[in-house]
Amino acid sequence: MNVSLHSKQQNHAHLSISDVLVEMEKNMTRLTTTMEEARVLRSLGTLMTSGTALINGLPLVAKEFPNFAPALDTVGKQLVDVNMTTELFAGLDEYFSSFVPHIMKYGGMGGVPDRALLLASEMLDSAEKLLARGVPQVKINEVNYYRLLAFMVHGNCPILTAMKIAGEEYLPAEIRASVEKPVRKGDMLSDGFRANPDFFSEVGIAFVFVGEMTGALPEVCEAYAKLRLRQLFLPASPQSEEILDYGHLRLLLLFVSNAMPLEKFLTVVSKASATPSRKAAFEALAAKVKDDKSDTALGNAMQSMPDDFAPWITTLVQQAKTPEELENVFGKVIDQLCQQLGKEKAP
C-alpha cells in the first residue's frame, strides 16, 4: 500500500538526522494513508455534529473504511472503559497521527470532541494538499503548530503542555527547548518564537504578542493560522499579498480595536507586508490617518491613494464608522478578492 507521510513531516532542511530516521520509521509502520485518516476523522466529526454519539458512529465509519475497522473497534473499547477526557485513539500509531489523542483529550475537556475530530481532519487534509502544490513544509508546520496550540489552550491545556505536544508534532527537535525556555522562566511565549525566526514568521510572532497582551492567545493564534492557511492556498500574485494585508488589518481590528490607534494598526500591517510597494502604501496610510480625527479617516486616506487602493474597497471603507464595522468590511473585501482568484471560501 502506498503510505503517505502524515502531518508531522518536516522540511528536511530543519531536521536533525535522528528526526528524519524516526519519522521514516513511523511512516513505514503506517497501515493507512493520511488522506484516509482525514476522511475517517471527518466522518466521525460530522456524525457527532449531527447528533450521533461517538460510540454509535464508530461502527458506521468502520463499515465505510474497512482498513480502519480494527482501530475504530479499539477506540470503542476505550470509550467503554474511560470517558472523553482521556486519550482516546492512543496506541494506534499505525492508523492515526500522534497528535490525535491529544486533540481529542482537550476537545473532550472543552466539550467539543466533534470539533476536535474535524480540526484534526482539516489539518491533515490541508497539509497534504499544500504539499502537493509545492508549499514548503516549514510554512505548513507553522500554521498547524498555531492551530494545535490554540485548540489545546482553549481546552484548558496548560500552555507548556500544549507547547510540548505541538512542538513534538511540528517543530524541529533542535529548537523545541529554546521555544519553551522563556515560558518556563515566566517570560512571554512570543520571546521564544522571536528567537527562532527560521521557523516562526515575523508577522506570526507579532500576532502571538497581540494575543498575549490582550488575553486572547488561542483566539488570535487560530485566527492568524486560518488567515495564513487561506493565503497559502491562493496562487502567488499581488492580489494574494493584498488579501494577506487586509487580513492582518482585520485581525488587529478584531482583537485590539480599543487598545491601539488606527495609525499603529497600519504601521504593524506595513511591517508585515511582503513587498516594498505594499509596505510604502500602508506607511503612507498611517501618516495620513494620524492627523485625521474623523470617523472616515481610513477611507479618506485610501481615497487619496487610488493607485494603491481600488475604488470599490475605498467606498466600502468610507461607509464604516466604527472599528467593528471596519472589521466586517475587510472581511467582505477579503472574500471578494478570494472569489476573484477563484477561491470562494477559505479552505
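From a predicted model like this one, the values you see are computed outputs, not experimental measurements.

**Q** In this structure, what is going on with the environment of Asp 245? I would like to understand it.
**A** Mapped onto the elements, Asp 245 comes out in helix H13 (residues 238-256). You can call Asp 245 buried: its relative accessible area is 2%. Spatially, the C-alpha atom of Asp 245 lies 8.3 Å from that of Arg 278, the residues being 33 residues apart in sequence.

**Q** Just to check I follow, could you spell out the pattern of salt bridges for this structure?
**A** Should the charged atoms of two oppositely charged side chains come close, the side chains can pair. Counted according to the given criterion, the structure contains 12 salt bridges. Glu 168 is the partner of Lys 164 in a salt bridge, and the nearest nitrogen-oxygen pair spans 2.6 Å. One end of the pair is Lys 164 and the other is Glu 168, both in helix H8 (residues 159-170) and four residues apart, which spans about a single turn. The partner of Lys 226 in a salt bridge is Glu 222, with the nearest N and O atoms 3.7 Å apart. Residue Lys 226 and its partner Glu 222 are located together in helix H12 (residues 217-233), separated by four residues, close to a single helical turn. Relative accessible area serves as the criterion here: at 46%, Lys 226 is assigned to the partly exposed category. Taken together, the shared-partner salt bridges in this structure form one network comprising Glu 122, Arg 147, Glu 222 and Lys 226.

**Q** Which parts of the structure should I look at to understand the packing of helix H2 (residues 34-49) against helix H6 (residues 113-132)?
**A** Each pair of packed helices can be described by the angle between their axes along with the distance between the axes. It is at 8 Å that the axes of H2 and H6 come closest, and there the two elements cross at 155°. Classified by the interaxial angle, the pair formed by H2 and H6 is roughly antiparallel. The crossing of H2 and H6 is left-handed. Residues Thr 34, Met 35, Glu 37, Ala 38, Leu 41, Arg 42, Leu 44, Gly 45, Thr 46, Met 48 and Thr 49 of H2 pack against Pro 113, Asp 114, Leu 117, Leu 118, Ala 120, Ser 121, Leu 124, Asp 125 and Glu 128 of H6. Looking at the contact of H2 with H6 residue by residue, the class counts come to 10 nonpolar, five polar and five charged.

**Q** What is the right way to look at the packing of aromatic side chains in this model?
**A** The geometry of an aromatic ring pair comes down to the distance between the two centres and the angle between the two planes. Evaluated as defined, the whole model comprises 16 aromatic pairs. Aromatic pair Phe 68 and Tyr 95: ring centres 5.8 Å apart, planes at 55°, arrangement tilted. Residue Phe 68 is found in the loop between helix H3 (54-64) and helix H4 (69-81), and its partner Tyr 95 is found in the loop between H4 and helix H5 (100-109); the two are separated by 27 residues along the sequence. On the numbers, 4.0 Å between centres and 10° between planes, the contact of Phe 193 with Phe 200 is stacked.

**Q** Explain the packing of H6 against helix H7 (residues 137-154) here, please?
**A** At a closest axis distance of 10 Å, the pairing of H6 and H7 adopts a crossing angle of 175°. Classified by the angle their axes make, H6 and H7 are roughly antiparallel. Contacts between H6 and H7 involve Arg 115, Ala 116, Leu 119, Glu 122, Met 123, Ala 127, Leu 130 and Leu 131 from the former and Gln 137, Ile 140, Asn 144, Arg 147, Leu 148 and Phe 151 from the latter. The class makeup of the residues in the contact of H6 with H7 is nine nonpolar, two polar and three charged.

**Q** Looking at this model, I keep getting lost on the environment of Ala 320. Mind explaining?
**A** You can see Ala 320 is positioned in the loop between helix H17 (311-319) and helix H18 (323-340). Of the residues examined, Ala 320 reaches a relative accessible area of 3% and is grouped as buried. Residues Ala 320 and Asp 295 lie 25 residues apart in sequence; the distance between their C-alpha atoms is 7.9 Å. Apart from residues no more than four positions distant in its own chain, Ala 320 is found in contact with Asp 295, Thr 296, Glu 325, Leu 326 and Val 329.

**Q** Would you explain the side chain of Glu 180 in this entry?
**A** You can see Glu 180 is positioned in helix H9 (residues 173-184). Contact partners of Glu 180, with chain neighbours within four places excluded, come to Leu 160, Met 163 and Lys 164.

**Q** How should unusual backbone geometry be read in this particular structure?
**A** Generally, phi is negative for residues other than glycine and the peptide bonds are trans, each holding for most cases. Residues other than glycine seldom take positive phi values, yet Phe 89 does so here, at roughly 75°. Within the secondary structure layout, Phe 89 lies in the loop between H4 and H5. In the Ramachandran plot, Asn 156 falls in the positive-phi region, its phi being about 70° despite a non-glycine side chain. Assignment of secondary structure puts Asn 156 in the loop between H7 and H8. By relative accessible area, Asn 156 is classed as exposed at 58%.

Here is what the cut-offs are and how they apply
Residues numbered from 1 in each chain as written. Predicted model: local features only at pLDDT ≥ 70, side-chain atom pairs only at ≥ 80, totals over all residues. Heavy atoms only, no water. Helix = DSSP H or I, 4+ residues; strand = E, 2+ residues; numbered from the N terminus. Buried < 20%, exposed > 50% of the residue type's maximum accessible area, 1.4 Å probe, protein only. Salt bridge = Lys/Arg side-chain N within 4 Å of Asp/Glu carboxyl O. Axes fitted to C-alpha atoms, helices over the stretch in contact; angles between N-to-C directions. Parallel < 35°, antiparallel > 145°, perpendicular 65-115°, else oblique. Left-handed = near helix turned anticlockwise from the far one by under 90°. Contact = heavy atoms within 4.5 Å. Nonpolar A, V, L, I, M, F, W, Y, C, P; charged D, E, K, R; others polar. Phe/Tyr/Trp six-rings, centres within 6.5 Å; stacked < 30°, edge-to-face > 60°.

Shape is all these values report; function is a separate question.
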